[in-house]
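Descriptive structure summary
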Amino acid sequence: MIHDWKRRLIFWSGAITVGLVAILFALASEWANGIFHKLLAISPYLPLLITPLGLALVVYVTRRFFPGSQGSGIPQTIASLDPNESTEIRDQVLSLRVTFGKIMFTIVGLMFGASAGREGPTVQIGASIMHKLGSLARFPKHDLEKGLILAGAAAGVAAAFNTPLAGIVFAIEEMSRSFEEHNSSTILMTVIIAGITSLALLGNYSYFGHTNETLTFGSEWSVVVICGVAGGLLGGAFSRALIEVNKGLPGRMGEWMRAKPVAFAAVCGLILALIGLASGGNTYGSGYNEAKSLFDGNAALPESYGLLKMIATLVSYVSGIPAGIMAPSLSAGAGFGANIAHFFTSVPPGAAIILGMVAYFAGVTQAPITAFVIVMEMLDNHQMVLPLMAAAFIAKACSRLVCPTPLFHTMAKNFLRNQPQHPRDTAVLVKS
């Protein structure tokens, strides 16, 4: 009995820790973004110098001292769930050193103008915290290898976006692509505790505020189809590009990327700065402020914002820095929705923006349930449930025409293939 309570205490402490770390990570990311915009206010041309140098520095330090902290963290966490992998691989992917590097250099990347989010890295951070505490508490092997990792990942999403339901759905649909009753209580309790921690410290807020936008069933629903098709194709193109680069480009370009990763990061930084200039300085950071301004109807963004944000996020990710794609993808989707709204004058602009957001996000992740639940919770809008669901599932179908396999699971499979002791293909990473 005492041993059981010891386990519960460590388990609850882990859930609270995930919530606290997610909050501190969010505050630090906002601070870093603020620092960059203060530099941007000095001169819009300053990123041409600091962004290449900053990204090169981040790639050098992460590769030298924090290997494994690059990328969003979601593919690595999915890879850690493979029961066929050794404990050493799992401990490496979910180590506290990687967690520290993920937090620190995501913040530094934002400080230098990367188009990156913190939500994806928070998934790996949450999984790492629960994995470490689970090993200390000596949980049963099944819980330690899958249940606690899933729970930590779900808690990371829930605390990062303040969307508890989306955290649960994310664990089911994206992380495991299945649901085992044995893990349900572990995931639910961790998400609840992490959510309560966030709620207690930050209050009951919606990530993007509140909107009452709705659609009348009938002719207005044509915008649902257009947003679903456009968002799915664009999201699929984005994912396909990431997958191809992640596998390694052929020819001299691929050889140069592998041989000179720091120089390649500097080139990516220069491209980011040029995109930033073209967008009027709007493509830097997570895109949260830009998406919110679109919802509020007071945005002064170029018509090309969605496309430029999409490219900037792609460049940031392939540069090799720790960088999430969830928040930037939502922001790019909002930009695409604003473009589509111009062609549907009878449809409330906010409705088209929401649909563009969920469709593009579903196109990138090919996880439609997660997409519409997370957007619904972030905007505190339940009138749009059916249109959001329809747009998300249309987007997934269209995305698969361009990118036949899900982004994060494909990248997890590539990650495992690149491990020296694991050249084989893994059968556990199942297509959706």
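Since we're looking at a predicted model, the values are computed, not measured.

Our focus in this paragraph is the overall build of the protein chain. For the protein chain, the helix and strand inventory stands at 19 helices and zero strands. Burial status across the protein chain gives 58% buried among its 432 residues. Looking at the protein chain as shown, the accessible area adds up to about 17,100 Å², and 66% of this sits on carbon and sulfur atoms.

Once that is clear, we can look at the environment of A116. Structurally, A116 can be placed in the loop between helix 5 (96-111) and helix 6 (119-137). Taking the C-alpha atoms as reference points, A116 and G71, 45 residues apart in sequence, are found 9.8 Å from one another. Not counting the four nearest positions on each side in its chain, A116 is found in contact with L110, G285, S286, A323, G324 and P328.

On the surface, a nonpolar cluster with roughly 370 Å² of combined accessible area is contributed by Y45, L270, L274 and L277. Relative to the assigned elements, L277 resides in helix 12 (residues 261-278). Residue classification places L277 among the partly exposed positions, given a relative accessible area of 31%.

Further remarks concern the confidence of the model for the protein chain. Of all residues in the protein chain, 80% attain a pLDDT of 70 or more, and the chain-wide mean is 82. Ignoring residues within four places in sequence, the model shows residues 178-185, a span with pLDDT below 50, making 14 contacts including any to other chains. Throughout residues 422-432 the model reports pLDDT below 50, and contacts reaching past four residues in sequence, or to other chains, amount to 29 contacts.

This next bit is on unusual backbone geometry. If you check the backbone angles, Q366 has positive phi at about 55° while not being a glycine. Within the secondary structure layout, Q366 lies in the loop between helix 16 (349-365) and helix 17 (368-379).

Before going further, it helps to spend a moment on the side chain of S293. For S293, the location among the structural elements is in helix 13 (residues 288-296). Judged by its relative accessible area of 16%, S293 is buried. Contact partners of S293, with chain neighbours within four places excluded, come to N298, A299 and L301.

Turning to the nonpolar core, a few remarks are in order. Ranked by size, the top nonpolar core spans 104 residues in total, and within it M175, V223 and V375 carry the most contacts. If you tally residues by element for this core, the top one is helix 16, at twelve residues. If we skip the residues at most four places from it in the chain, M175 touches I74, T77, I78, L81, V123, L150, A153, F170 and H409. Membership of the second largest hydrophobic core comes to five residues, among which are F36, L40, I50 and A273.

A rise of 1.5 Å per residue sets the reference length of helix 16, with its 17 residues, at 24 Å; its end C-alpha atoms lie 25 Å apart and thus fit the reference within 8%. The element helix 16 is largely enclosed, with a buried count of 16 among its 17 residues. Just past helix 16, the residue Q366 takes up positive phi, approximately 55°.

So, on to the side chain of S329. Here S329 lies in helix 15 (residues 326-341). A polar atom in the side chain of S329 sits 2.6 Å from the backbone oxygen of I325. With sequence-adjacent residues up to four places away left out, S329 is seen in contact with Y360, F361 and V364.

The geometry of an aromatic ring pair is captured by the separation of the ring centres together with the interplanar angle, meaning the angle of the planes. Tallied over the full model, the rule gives six aromatic pairs. Centroid distance F66 to F100: 5.8 Å. Interplanar angle 40°. Geometry classified as tilted. Separated by 34 residues along the polypeptide, F66 in the loop between helix 2 (47-65) and helix 3 (74-80) and F100 in helix 5 bring together distant segments of the chain. Consider the rings of W256 and F264, whose centres lie 6.0 Å apart with planes at 80°: the pair is edge-to-face. Judged by relative accessible area, which is 12%, F264 ranks as buried. Put simply, the rings of F66, F100 and F105 touch in pairs and so form one group of aromatic residues.

A separate point is the pattern of salt bridges. By the definition in use, this model includes three salt bridges. Note that E119 and R118 form a salt bridge whose closest N and O atoms lie 3.7 Å from each other. Each member of the pair E119 and R118 is classed as buried. One salt bridge in this structure joins K247 and E244, with 3.5 Å as the shortest N-O distance. Of this pair, K247 and E244 both sit in helix 10 (residues 222-247), separated by three residues, roughly a single helical turn. Here K247 falls in the exposed class, since its relative accessible area comes to 52%. By relative accessible area, E244 is classed as partly exposed at 31%. Linked through salt bridges whose partners overlap, the residues forming this network are R240, E244 and K247.

Criteria and thresholds
- Residues numbered from 1 in each chain as written.
- Predicted model: local features only at pLDDT ≥ 70, side-chain atom pairs only at ≥ 80, totals over all residues.
- Heavy atoms only, no water.
- Helix = DSSP H or I, 4+ residues; strand = E, 2+ residues; numbered from the N terminus.
- Buried < 20%, exposed > 50% of the residue type's maximum accessible area, 1.4 Å probe, protein only.
- Areas by Shrake-Rupley, 256 points an atom, 1.4 Å probe, with all protein chains shown as cover.
- Contact = heavy atoms within 4.5 Å.
- Patch = residues over 30% accessible without salt bridge, like charges linked within 9 Å, V, L, I, M, F, W, Y side chains within 5 Å.
- Salt bridge = Lys/Arg side-chain N within 4 Å of Asp/Glu carboxyl O.
- pLDDT = per-residue confidence, 0-100.
- Core = buried A, V, L, I, M, F, W, Y, C linked by side-chain atoms within 4.5 Å.
- Expected span 1.5 Å × (residues − 1).
- Polar contact = N/O pair within 3.5 Å; in protein donor to acceptor, adjacent residues only side chain to side chain.
- Phe/Tyr/Trp six-rings, centres within 6.5 Å; stacked < 30°, edge-to-face > 60°.

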